[in-house]
Amino acid sequence: AFNHHIGRVKANLDQRAAERSYGVAEADLTPALSWSKVSFINEMNAWKDGRAPDARVEVLDDGTVVRGLPWRGEVSTDVFETASVNAAQALKNWSDSRKGARAGKAAGFPRFKSRHRTAPTFRLRSKYREGAAPSVRPTGPRTVRFPKLGELRVRENTRQLRRMLGSGRFHAYAASFRFERGRWTVTVTGVAAVLHHQRRNPGAAGRTQSRVGLDVGVKTLAVAADEHGNQFQVWEGVKALQ
């Protein structure tokens, strides 16, 4: 999906550059393609569903003619859409870098993804309404349910994710999958609300209400003090470490 968009844009840019070299006026050039994320998603949906003029045509073993990708229903639509968004962002980074509107190292034109050199990756979005069960959620100590994939067993314990989702503190946005060294790794990304100050370990004794910083030194091992310079605790240095 990523290569599909990059190939279309590159062919369009090359065509317009060739026409300019022939002396074709700007108004008569081949129309430029839109690089927006929405246009990329819409174009990909039309291409894989067979509605686009340049959609693939395949003849199955029984003689049935299928336009588009016959296996598109086996893959989540998020895979195509997130790849389209990544391609649009890569082209925007290249364009902004050429215009000087992007800070940092200069970004080159996006390269095609290689099946042999690029690690297989895809992302599934976690779309759900408030009050409903998240589409990306742990279902057991070591199992997580994902859209389209169903319930999968994971190596790491899901206790922390289960507790944060159960308390409503965490909202999952997506699950990113990456295949390296014979293993699939999944990362659940989202936003977590900051705990209210009155709910941070309320039973702790001697807790100060102000923020405290820790200064590590040489003569003194460490000093804990607030922003006004009031010291709360001093840890003397260990003689063996002098």
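Look above for the structure.
These remarks concern the structure in this document. (Residues numbered from 1 in each chain as written. Predicted model: local features only at pLDDT ≥ 70, side-chain atom pairs only at ≥ 80, totals over all residues. Heavy atoms only, no water.)

Digging into the pairing of strand E8 (residues 183-192)
Working step 1: Bridge analysis of strand E7 (residues 170-180) against E8 gives 10 bridges, and the strand direction is antiparallel. Across the sheet, His171 pairs through a bridge with Val191, a residue of E8. (Pairing = 2+ DSSP bridges. Helix = DSSP H or I, 4+ residues; strand = E, 2+ residues; numbered from the N terminus.)

Observations concerning the pairing of E7
Within a regular beta strand, the side chains point alternately toward one face of the sheet and then the other, so they alternate between its two faces.
Working step 1: By the bridge criterion, 5 bridges tie strand E3 (residues 121-125) to E7 in an arrangement that is antiparallel. Along E7, the bridge assignment pairs Arg125 with Ala174.
Working step 2: Where E7 hands over to E8, the hairpin turn is made up of 2 residues, of which Arg181 adopts a positive phi near 55°.

Looking at the side chain of Asp96
Working step 1: Tracing the backbone through its elements, the reader meets Asp96 in helix H3 (residues 77-99).
Working step 2: When residues no more than four places from it in sequence are discounted, the contact partners of Asp96 are Ala101 and Arg102. (Contact = heavy atoms within 4.5 Å.)

Some words on the layout of surface pockets
A probe matching the size of a water molecule, rolled over the atoms, marks out where space remains unfilled.
Working step 1: Taken as a whole, the largest pocket encloses approximately 1100 Å³ of empty space.
Working step 2: If you trace the largest pocket, you find 33 residues lining it, with Ala1, Val79, Ala83, Thr121 and Phe122 closest to the centre.
Working step 3: For the lining of the largest pocket, the elements supplying multiple residues, two or more each, are helix H1 (2-21), helix H2 (37-49), H3, E3 and E7.
Working step 4: Broken down by element, the lining of the largest pocket gets its largest block of residues, 5 residues, from H3.
Working step 5: The residue inventory of the lining of the largest pocket, partitioned by class, reads 18 nonpolar, 9 polar and 6 charged. (1 Å grid on protein atoms, 1.4 Å probe; cavity = no way out; pocket = protein on both sides within 12 Å on 5 of 7 lines; lining within 4 Å. Points joined across faces, edges and corners; volume = space filled by probe spheres on them. Nonpolar A, V, L, I, M, F, W, Y, C, P; charged D, E, K, R; others polar.)

A word on the sheet that holds strand E11 (residues 231-236)
Working step 1: Taking strand neighbours across the sheet as the criterion, the 3 strands line up as E9-E10-E11 in an open arrangement whose pairing is antiparallel. Both edges of this open sheet fall to strand E9 (212-216) and E11, since each of them pairs with a single strand only. Between one strand axis and the next, the sheet turns through 15° on average, direction left out of account.
Working step 2: Inspection of the sheet shows E9 paired to strand E10 (residues 220-226) by 5 bridges, in the antiparallel sense. Of the residues in E10, the one forming a bridge with Val216 is Ala222. (Axes fitted to C-alpha atoms, helices over the stretch in contact; angles between N-to-C directions.)

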